[in-house]
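Listed below, chain by chain, are the residues.
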Amino acid sequence: MIYNFLYPLADVFGPFNLFRYLTFRSIAAFLTALVLSFLIGGSLIRWLRSKQAQGQPIREDGPATMGGLLILIAMSVGTLLWADLTNRYVWIVLIITMTFGAIGLWDDFLKVTKRNPKGVPGGVKLIVSVVVAGFGAYYISQFSPPPLRYMLAVPFLKDVLIPLGLVGFIAFSVLVIVGTSNAVNLTDGLDGLAIGPVIMASVVFGLIAYIVGNIVYTNYLYVHHIPRAGELAVLLAALVGAGLGFLWFNAPPAMVFMGDTGSLSIGGALGGVAVVTKHEIVLAIVGGLFVLETVSVVVQVMSFKMTGRRIFRMAPLHHHFEQKGWAEPTIVFRFWIIAAILSMVGLATLKLR
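Note that the coordinates shown come from a computational prediction; the quantities given were computed from them, not determined experimentally. (Residues numbered from 1 in each chain as written. Predicted model: local features only at pLDDT ≥ 70, side-chain atom pairs only at ≥ 80, totals over all residues. Heavy atoms only, no water.)

K.L.:
I tried to follow the overall build of the protein chain on my own but got confused; where do I start?
P.N.:
Each helix and strand in the protein chain was counted, giving 14 helices and 2 strands. A compact globule built from 353 residues would reach a C-alpha radius of gyration of about 20 Å, and the protein chain, at 20 Å, matches this within 12%. Along the three orthogonal principal directions, the C-alpha set of the protein chain runs to about 60 × 45 × 35 Å. Across the 353 residues that make up the protein chain, the buried fraction comes to 51%. In the protein chain, 74% of the contacts between residues at least 6 apart in sequence involve partners at least 24 apart. When the accessible surface of the protein chain is totalled, it reaches about 15,700 Å², and 71% of it is carbon and sulfur. (Helix = DSSP H or I, 4+ residues; strand = E, 2+ residues; numbered from the N terminus. Rg over C-alpha atoms; globule rule 2.2 N^0.38 Å. Buried < 20%, exposed > 50% of the residue type's maximum accessible area, 1.4 Å probe, protein only. Contact = heavy atoms within 4.5 Å. Areas by Shrake-Rupley, 256 points an atom, 1.4 Å probe, with all protein chains shown as cover.)

Pasting the structure below:
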């Protein structure tokens, strides 16, 4: 809103020209989300505790709260204040994020206030998520440049585009968005474990969005140009600020957990940005830790059903290392290191063409 209000005034008052710069607005969105998280975090946590004063029932998949509200509030305020609100990509990703957050909030609410250990039925959550992601993918395709509209870009190869068609593109995009959302959700099991890699992935994709939206950089790096996609850097900068603010309260011993409210929404945001920027495969590299956590669950279930044996002591993967006696901070920091390495590998795909 600040951008849309002050942009026309830049021709009258020179200093307002600063608000036209994407880099400045990204930094402003980051700081806004971070400071807002600090300001409202304590009060929001106390309010959440009052809503779940009865305590959360023991669940098979561990504890969950509605702490992701802090991330959603800070990120949305930072984005709405500093992003260009005429940009369709911003609205599509923001709507996906908030809708997924609403699904998670509904689930968390049932678990922590209604003493319902199962929350929203998994089938209902999946159907709603698929429908929302499907609509988002359709509109992303319609606003994309015609030569790239239904294409899948392959990293490392500058001229390779795989045609998927409308149905194929929507199906693949839904897989990316919903898959990333649920992968982050599976990773959210230890204090700070999920939010650290999310922050790293957000930084990487903020840079990717900025690059693909700038024709000078796309020509230099031989990546596909997506006009106006750079504005998503503001949204991701706000997500980084909100994530750091949340980590302040989530650092061991955690005062709050993000729950499905946070994990489903921020995973959906990363998936949506990856689809817009045509870097879906790169997301699998940058978010490789989320992939490993998801694969560990799939392998565990398949192995048990087929052979009656478990490959891991417990799934997802971080629980396996817990069972082996690793201390929680050790698991978190080592997984963060893995996420940082994978983020650098993902960034390298921009140059290796």
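K.L.:
Quick question: what am I supposed to make of the packing of aromatic side chains here?
P.N.:
Two numbers describe a pair of aromatic rings. These are the distance of the centres and the angle of the planes. In total, this model carries 9 aromatic pairs according to the counting rule given. Each ring, one from tyrosine 210 and one from tyrosine 217, has its centre 5.9 Å from the other, and the planes form 45 degrees; the classification is tilted. Accessibility expressed as a relative area gives 26% for tyrosine 210, which makes it partly exposed. Relative to phenylalanine 335, the ring of phenylalanine 321 lies with its centre 6.0 Å away and its plane at 85 degrees, an arrangement referred to as edge-to-face. Taken together, the residues phenylalanine 321 in helix H13 (residues 317-323) and phenylalanine 335 in helix H14 (residues 328-348) connect sequence positions 14 residues apart. The exposure class assigned to phenylalanine 321 is buried, which follows from its relative accessible area of 17%. Grouping aromatic residues by their ring pairs yields a cluster made of Tyr138, Tyr139 and Phe143. In this arrangement the basic side chain of arginine 334 is found over the ring face of tryptophan 326, its NZ or CZ atom lying 4.7 Å from the centre. (Phe/Tyr/Trp six-rings, centres within 6.5 Å; stacked < 30°, edge-to-face > 60°. Lys NZ or Arg CZ within 6 Å of the ring centre and 35° of its normal.)

K.L.:
Hey, could you run me through the environment of methionine 344 in this one?
P.N.:
Among the structural elements, methionine 344 can be located in helix H14. It is 11 Å that separates the C-alpha atoms of methionine 344 and valine 282, two residues lying 62 residues apart in sequence.

K.L.:
How do you make sense of the layout of surface pockets when you look at a structure like this?
P.N.:
Over the atoms, a rolled probe matching the size of one water molecule traces out where space is still vacant. In this structure, the second largest pocket encloses a volume near 230 Å³. As for the second largest pocket, its lining consists of 13 residues, of which Ser26, Gly206, Leu207, Ala233 and Ala237 are closest to the centre. Where the lining of the second largest pocket is concerned, the elements lending two or more residues are helix H2 (22-51), helix H7 (195-212) and helix H9 (232-250). Looking at the lining of the second largest pocket element by element, the count peaks at 5 residues for H7. Residue composition of the lining of the second largest pocket, by class: 9 nonpolar, 4 polar and no charged. (1 Å grid on protein atoms, 1.4 Å probe; cavity = no way out; pocket = protein on both sides within 12 Å on 5 of 7 lines; lining within 4 Å. Points joined across faces, edges and corners; volume = space filled by probe spheres on them. Nonpolar A, V, L, I, M, F, W, Y, C, P; charged D, E, K, R; others polar.)

K.L.:
Mind showing me how you'd approach the side chain of threonine 277 here?
P.N.:
Inspection of the secondary structure assignment puts threonine 277 in the loop between helix H10 (259-276) and helix H11 (280-286). Of note is the side chain of threonine 277, whose polar atom sits 3.3 Å from the backbone oxygen of alanine 274. Each residue touching threonine 277, except ones within four places of it in the same chain, is listed here: Phe205, Ile208, Ala209, Val212 and Ile226. (Polar contact = N/O pair within 3.5 Å; in protein donor to acceptor, adjacent residues only side chain to side chain.)

K.L.:
I'm lost on the nonpolar core in this one. Help?
P.N.:
Side chains of nonpolar character tend, in soluble globular proteins, to be buried together. Among the nonpolar cores identified, the biggest contains 89 residues, and Ile71, Phe100, Ile195, Phe205, Leu232 and Ile266 are the most heavily contacted of them. Ranked by residues supplied to this core, first place goes to H9 with 11 residues. With near-sequence residues (within four places) excluded, isoleucine 266 lies in contact with Ile71, Val184, Ile195, Val198, Leu239 and Met258. (Core = buried A, V, L, I, M, F, W, Y, C linked by side-chain atoms within 4.5 Å.)

K.L.:
Could you clarify how one ought to interpret the packing of helix H3 (residues 68-82) against H9 in this entry?
P.N.:
Axis angle and axis distance: for two packed helices, these are the angle between their axes and the distance between the axes, and together they describe the pair. H9 packs onto H3 with a crossing angle of 150 degrees between their chain directions and a minimal axis gap of 8 Å. In this view, H3 runs roughly antiparallel relative to H9, as classed from their interaxial angle. For the pair H3 and H9, the crossing hand works out as right-handed. On H9, the residues that touch Leu70, Ile71, Ala74, Met75, Gly78, Thr79 and Trp82 of H3 are Val234, Leu235, Ala238, Leu239, Ala242, Gly245, Phe246 and Phe249. Its residues assigned to classes, the contact of H3 with H9 comprises 12 nonpolar, 3 polar and no charged. (Axes fitted to C-alpha atoms, helices over the stretch in contact; angles between N-to-C directions. Parallel < 35°, antiparallel > 145°, perpendicular 65-115°, else oblique. Left-handed = near helix turned anticlockwise from the far one by under 90°.)

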